[in-house]
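A structural walkthrough
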Amino acid sequence: MLPNYRETLQYLNPAAFQRIPVASASGAPIRPGNFSPGALRSPGLWSLNFSLAKNFSLYERLKLQIRTDMFNALNHTNLSGLRTSINDPLFGQLLSTQGARVMQWNARITF
């Protein structure tokens, strides 16, 4: 992981990885690689979910609830989409983000 990946979006250093040599006749790898599937992880996610509700008593048996829910309430950018194919010219870059803030409001009447 590069320390300035949030500014450059370059999460992995391409110089730290090497392609496996291939046979010129068949194009098949000469030897297996030593990198297992799932060995790379994207940066972690950081999200704060928040909910706020207020109950009102309108009549003896009639009640109203007003509520708001916020997912990723602080709208923190969570980078994702790490390119892990060594043959990709964008190898090691983070090219997408997780969802932005989502808010929902609702009202509920109970009787």
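Residues numbered from 1 in each chain as written. Predicted model: local features only at pLDDT ≥ 70, side-chain atom pairs only at ≥ 80, totals over all residues. Heavy atoms only, no water.

1. Observations concerning the nonpolar core
Core analysis: the largest hydrophobic core is formed by 7 residues, namely Y5, Y11, L12, L79, L82, F91 and L94. Residues contacting F91, with those up to four places away along its chain left out, are Q10, L12, P14, F17, R83, T84, S85 and I86. (Core = buried A, V, L, I, M, F, W, Y, C linked by side-chain atoms within 4.5 Å. Buried < 20%, exposed > 50% of the residue type's maximum accessible area, 1.4 Å probe, protein only. Contact = heavy atoms within 4.5 Å.)

2. Quick look at the confidence of the model for the chain
Mean pLDDT over the chain: 90, with 100% of residues reaching 70 or higher. Across the chain, element-level confidence peaks in strand β2 (residues 63-71) with a mean pLDDT of 97 and bottoms out in helix α1 (residues 5-8) with 88. (pLDDT = per-residue confidence, 0-100. Helix = DSSP H or I, 4+ residues; strand = E, 2+ residues; numbered from the N terminus.)

3. Description of the packing of aromatic side chains
Enumeration over the complete set of coordinates arrives at 2 aromatic pairs. Ring geometry for Y5 and Y11: centres 5.0 Å apart, planes at 85°, overall edge-to-face. Looking at Y5, the relative accessible area reads 13%, which means it is buried. Given the relative accessible area of 8%, Y11 is considered buried. Residues F17 and F91 carry aromatic rings whose centres are separated by 5.1 Å and whose planes lie at 80° to one another, so their mutual orientation is edge-to-face. Here F17, found in the loop between α1 and β1 (50-57), pairs with F91, found in the loop between β3 (79-82) and β4 (94-97); they are 74 residues apart in sequence, far enough to count as distant. What makes F17 partly exposed here is its relative accessible area of 25%. Just above the ring of F56 sits the side chain of K54; from NZ or CZ to the centre is 5.7 Å. (Phe/Tyr/Trp six-rings, centres within 6.5 Å; stacked < 30°, edge-to-face > 60°. Lys NZ or Arg CZ within 6 Å of the ring centre and 35° of its normal.)

4. Examining the layout of surface pockets
In this structure, the largest pocket occupies an estimated 420 Å³ of space. Along the wall of the largest pocket there are 17 residues; nearest its centre are F17, Q18, I20, F35 and I86. Its residues placed into classes, the lining of the largest pocket shows 8 nonpolar, 7 polar and 2 charged. (1 Å grid on protein atoms, 1.4 Å probe; cavity = no way out; pocket = protein on both sides within 12 Å on 5 of 7 lines; lining within 4 Å. Points joined across faces, edges and corners; volume = space filled by probe spheres on them. Nonpolar A, V, L, I, M, F, W, Y, C, P; charged D, E, K, R; others polar.)

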